Amino acid sequence: MDTTQRGDQQKPADRRRRELLEAADRVVLRDGPGASMNAIAAEAGITKPILYRHFGDKGGLYAALAQRHTDALLVSLRAALDAPAERRERVEATLDTYLSAIEARPQVYRFLMHPAEGGAPGDTEFDVGRHSAPLLRRLGEELARVIEERLDLGPDGERVSRVWGHGIVGMMYAAGDWWLGERPCDRAELVRVLADLLWGRLAAAGDRVGGPGF
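K.L.:
Would you take a moment to explain the overall build of the protein chain for this structure?
P.N.:
Counting secondary structure elements, the protein chain contains nine helices and two strands. Overall, the protein chain shows an N-to-C arrangement of helices and strands of α-α-α-α-α-α-α-β-α-α-β. Per-residue burial for the protein chain yields a buried fraction of 40% across its 214 residues. Partitioning the contacts of the protein chain with sequence separation of at least 6, the portion at a separation of at least 24 is 70%.

K.L.:
I would appreciate a short explanation of the environment of Y109 in the present structure.
P.N.:
Within the secondary structure layout, Y109 lies in helix α6 (residues 106-113). Take Y109: its relative accessible area is 7%, and that puts it in the buried class. Distance from Y109 to H69, taken between C-alpha atoms, is 9.3 Å for residues 40 residues apart in sequence. Excluding its chain neighbours within four sequence positions, the residues that come into contact with Y109 are Y98, I102, H114, Y173, D177 and L180.

K.L.:
Would you take a moment to explain helix α9 (residues 187-204) for this structure?
P.N.:
Turn by turn, an α-helix covers 3.6 residues, leaving residues three or four places apart pointing in a common direction. Taking 1.5 Å of rise per residue, 18 residues should cover 26 Å, and α9 covers 26 Å from first to last C-alpha, within 8% of that figure. Maximum bend of α9: about 50°, positioned at L198. L190, V191, L194, A195, L198 and L202 are the residues of α9 that are buried. Where the residues of α9 are buried, they touch α5 (87-104), β1 (151-152) and α8 (157-182).

Procedures and definitions
Sequence order as written defines the numbering, with residues in each chain counted from 1. At least 70 in pLDDT is required for a residue's local features to be given in this predicted model, at least 80 for side-chain atom pairs to be given and counted, and no such filter applies to totals for whole chains, interfaces and linings, which use all residues. Values shown for side chains rest on all heavy atoms present in the structure; no hydrogens or waters enter the calculation. Where helices and strands are cited, they refer to DSSP runs of H or I of at least four residues and of E of at least two residues respectively, numbered from the N terminus. Each residue is assigned to one of three classes by its accessible area relative to the maximum for its type, calculated with a 1.4 Å probe on protein chains only: buried under 20%, partly exposed between the two thresholds, exposed over 50%. Contacts are residue-level and defined by heavy atoms, with any inter-residue pair within 4.5 Å sufficient. One fewer than the residue count of a helix, multiplied by 1.5 Å, yields its expected span. By definition, a residue's bend is the angle between the axes fitted to the seven residues ending there and the seven starting there.

Take a look at the structure:
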(Lines give C-alpha, C1' and ligand atoms only; values in the text may rest on other atoms or scores of the structure.)
Protein backbone atom coordinates (compact mmCIF):
# COMPACT_ATOMS: atom_id res chain seq x y z
CA MET A 1 0.00 0.00 0.00
CA ASP A 2 1.49 3.36 -1.00
CA THR A 3 1.57 6.54 1.12
CA THR A 4 -1.40 8.09 -0.69
CA GLN A 5 -3.61 5.07 -0.02
CA ARG A 6 -2.62 5.01 3.65
CA GLY A 7 -3.39 8.72 3.90
CA ASP A 8 -6.81 8.27 2.28
CA GLN A 9 -7.68 5.52 4.74
CA GLN A 10 -6.42 7.55 7.69
CA LYS A 11 -8.67 10.54 7.00
CA PRO A 12 -11.98 8.74 7.70
CA ALA A 13 -10.47 7.21 10.85
CA ASP A 14 -9.30 10.61 12.07
CA ARG A 15 -12.68 12.13 11.26
CA ARG A 16 -14.49 9.34 13.13
CA ARG A 17 -12.23 9.80 16.16
CA ARG A 18 -12.95 13.55 16.12
CA GLU A 19 -16.69 12.86 15.94
CA LEU A 20 -16.46 10.52 18.95
CA LEU A 21 -14.53 13.13 20.92
CA GLU A 22 -17.18 15.72 20.08
CA ALA A 23 -19.86 13.31 21.34
CA ALA A 24 -17.81 12.78 24.51
CA ASP A 25 -17.56 16.56 24.94
CA ARG A 26 -21.35 16.89 24.79
CA VAL A 27 -21.79 14.25 27.49
CA VAL A 28 -19.07 15.79 29.66
CA LEU A 29 -20.74 19.22 29.36
CA ARG A 30 -23.96 17.62 30.58
CA ASP A 31 -22.67 15.16 33.19
CA GLY A 32 -19.26 16.50 34.23
CA PRO A 33 -17.11 14.02 36.17
CA GLY A 34 -19.99 11.54 36.11
CA ALA A 35 -19.72 11.09 32.34
CA SER A 36 -19.65 7.36 31.64
CA MET A 37 -18.48 5.29 28.72
CA ASN A 38 -22.06 3.99 28.36
CA ALA A 39 -23.46 7.52 28.04
CA ILE A 40 -20.76 8.57 25.59
CA ALA A 41 -21.32 5.50 23.43
CA ALA A 42 -25.07 6.19 23.42
CA GLU A 43 -24.48 9.84 22.47
CA ALA A 44 -22.27 8.73 19.59
CA GLY A 45 -24.83 6.14 18.45
CA ILE A 46 -22.46 3.20 18.91
CA THR A 47 -21.96 0.35 21.37
CA LYS A 48 -19.48 0.54 24.21
CA PRO A 49 -17.21 -2.16 22.67
CA ILE A 50 -16.82 0.04 19.57
CA LEU A 51 -15.92 2.99 21.81
CA TYR A 52 -13.35 0.77 23.53
CA ARG A 53 -11.95 -0.14 20.13
CA HIS A 54 -11.13 3.52 19.51
CA PHE A 55 -9.87 4.53 22.97
CA GLY A 56 -9.21 1.33 24.93
CA ASP A 57 -10.87 2.42 28.19
CA LYS A 58 -11.96 5.53 30.05
CA GLY A 59 -8.31 6.41 30.63
CA GLY A 60 -7.67 6.40 26.89
CA LEU A 61 -10.71 8.57 26.24
CA TYR A 62 -9.69 10.90 29.06
CA ALA A 63 -6.18 11.25 27.57
CA ALA A 64 -7.62 12.10 24.15
CA LEU A 65 -9.98 14.70 25.60
CA ALA A 66 -7.22 16.13 27.79
CA GLN A 67 -4.95 16.58 24.77
CA ARG A 68 -7.77 18.18 22.79
CA HIS A 69 -8.56 20.75 25.48
CA THR A 70 -4.95 21.32 26.53
CA ASP A 71 -3.96 22.02 22.92
CA ALA A 72 -6.71 24.64 22.66
CA LEU A 73 -5.76 26.19 26.01
CA LEU A 74 -2.09 26.41 25.05
CA VAL A 75 -2.98 28.22 21.83
CA SER A 76 -4.99 30.75 23.84
CA LEU A 77 -2.23 31.18 26.44
CA ARG A 78 0.37 31.75 23.72
CA ALA A 79 -1.87 34.38 22.12
CA ALA A 80 -2.16 36.19 25.47
CA LEU A 81 1.62 36.10 25.94
CA ASP A 82 2.23 37.35 22.40
CA ALA A 83 -0.28 40.22 22.56
CA PRO A 84 1.13 43.71 21.83
CA ALA A 85 0.88 45.03 25.38
CA GLU A 86 3.01 45.88 28.42
CA ARG A 87 4.43 42.93 30.38
CA ARG A 88 2.07 43.39 33.35
CA GLU A 89 -0.93 43.44 31.02
CA ARG A 90 0.24 40.22 29.35
CA VAL A 91 0.77 38.51 32.71
CA GLU A 92 -2.78 39.41 33.71
CA ALA A 93 -4.15 38.39 30.31
CA THR A 94 -2.46 34.98 30.60
CA LEU A 95 -3.92 34.38 34.07
CA ASP A 96 -7.33 35.55 32.87
CA THR A 97 -7.16 33.25 29.83
CA TYR A 98 -6.72 30.21 32.05
CA LEU A 99 -9.40 31.25 34.54
CA SER A 100 -11.91 32.20 31.85
CA ALA A 101 -11.38 28.79 30.19
CA ILE A 102 -12.26 26.84 33.34
CA GLU A 103 -15.11 29.23 34.14
CA ALA A 104 -16.62 28.87 30.66
CA ARG A 105 -16.67 25.05 30.77
CA PRO A 106 -16.63 24.02 34.44
CA GLN A 107 -18.01 20.55 33.74
CA VAL A 108 -15.18 19.83 31.31
CA TYR A 109 -12.67 21.15 33.83
CA ARG A 110 -14.09 18.96 36.59
CA PHE A 111 -14.07 15.91 34.33
CA LEU A 112 -10.40 16.50 33.50
CA MET A 113 -9.23 17.39 37.01
CA HIS A 114 -11.73 15.62 39.30
CA PRO A 115 -12.97 12.55 37.38
CA ALA A 116 -13.05 10.44 40.56
CA GLU A 117 -16.04 12.45 41.76
CA GLY A 118 -18.27 10.70 39.24
CA GLY A 119 -17.75 7.05 39.90
CA ALA A 120 -20.18 5.78 37.25
CA PRO A 121 -20.86 2.02 37.33
CA GLY A 122 -18.54 0.15 35.00
CA ASP A 123 -15.87 2.88 35.01
CA THR A 124 -13.73 1.24 37.65
CA GLU A 125 -10.00 1.54 38.32
CA PHE A 126 -9.80 5.09 36.99
CA ASP A 127 -6.93 6.81 38.79
CA VAL A 128 -7.41 10.58 38.69
CA GLY A 129 -3.83 11.38 39.69
CA ARG A 130 -2.29 9.12 37.06
CA HIS A 131 -4.18 10.96 34.33
CA SER A 132 -4.40 14.58 35.51
CA ALA A 133 -0.79 14.99 36.71
CA PRO A 134 0.68 14.67 33.18
CA LEU A 135 -1.76 17.35 31.97
CA LEU A 136 -0.46 19.84 34.56
CA ARG A 137 3.13 18.77 33.88
CA ARG A 138 2.69 19.47 30.18
CA LEU A 139 1.33 22.95 30.91
CA GLY A 140 4.29 23.58 33.25
CA GLU A 141 6.85 22.51 30.65
CA GLU A 142 5.22 24.61 27.94
CA LEU A 143 5.21 27.70 30.16
CA ALA A 144 8.83 27.01 31.17
CA ARG A 145 9.85 27.04 27.50
CA VAL A 146 8.12 30.39 26.99
CA ILE A 147 9.85 31.89 30.03
CA GLU A 148 13.28 30.56 29.02
CA GLU A 149 13.06 31.89 25.46
CA ARG A 150 11.91 35.35 26.60
CA LEU A 151 13.61 36.20 29.90
CA ASP A 152 17.28 36.50 30.89
CA LEU A 153 17.42 34.57 34.16
CA GLY A 154 21.17 34.20 34.33
CA PRO A 155 23.43 31.14 34.00
CA ASP A 156 20.84 28.85 35.63
CA GLY A 157 18.07 30.19 33.40
CA GLU A 158 16.86 26.81 32.14
CA ARG A 159 16.39 25.41 35.62
CA VAL A 160 14.87 28.61 36.98
CA SER A 161 12.47 28.73 34.02
CA ARG A 162 11.25 25.23 34.79
CA VAL A 163 10.77 26.09 38.46
CA TRP A 164 8.80 29.17 37.47
CA GLY A 165 6.78 27.36 34.80
CA HIS A 166 5.65 24.55 37.07
CA GLY A 167 5.23 26.90 40.03
CA ILE A 168 2.98 29.28 38.09
CA VAL A 169 0.88 26.44 36.68
CA GLY A 170 0.54 24.97 40.17
CA MET A 171 -0.57 28.36 41.49
CA MET A 172 -3.10 28.84 38.68
CA TYR A 173 -4.47 25.33 39.16
CA ALA A 174 -4.79 25.50 42.96
CA ALA A 175 -6.16 29.06 43.04
CA GLY A 176 -8.50 28.41 40.10
CA ASP A 177 -9.81 25.17 41.59
CA TRP A 178 -10.60 26.90 44.90
CA TRP A 179 -12.11 29.93 43.16
CA LEU A 180 -14.31 27.86 40.84
CA GLY A 181 -15.72 25.97 43.81
CA GLU A 182 -16.28 28.88 46.22
CA ARG A 183 -16.44 32.02 44.04
CA PRO A 184 -15.09 34.26 46.85
CA CYS A 185 -14.43 37.14 44.42
CA ASP A 186 -14.89 38.01 40.77
CA ARG A 187 -12.41 36.83 38.16
CA ALA A 188 -10.86 40.28 37.65
CA GLU A 189 -9.97 40.56 41.34
CA LEU A 190 -8.44 37.09 41.42
CA VAL A 191 -6.37 37.90 38.32
CA ARG A 192 -5.11 41.13 39.88
CA VAL A 193 -4.15 39.52 43.20
CA LEU A 194 -2.36 36.59 41.52
CA ALA A 195 -0.51 38.99 39.22
CA ASP A 196 0.58 40.99 42.28
CA LEU A 197 2.01 37.79 43.75
CA LEU A 198 4.03 37.07 40.60
CA TRP A 199 4.95 40.55 39.61
CA GLY A 200 8.03 41.37 41.73
CA ARG A 201 10.50 38.97 40.11
CA LEU A 202 8.82 39.09 36.70
CA ALA A 203 9.07 42.88 36.66
CA ALA A 204 12.77 42.79 37.54
CA ALA A 205 13.86 40.19 34.96
CA GLY A 206 15.28 41.54 31.72
CA ASP A 207 14.38 40.26 28.26
CA ARG A 208 16.64 37.63 26.73
CA VAL A 209 18.90 39.15 24.08
CA GLY A 210 17.61 38.14 20.65
CA GLY A 211 14.42 36.67 22.08
CA PRO A 212 10.84 37.73 21.37
CA GLY A 213 10.61 39.64 24.65
CA PHE A 214 8.25 39.24 27.55
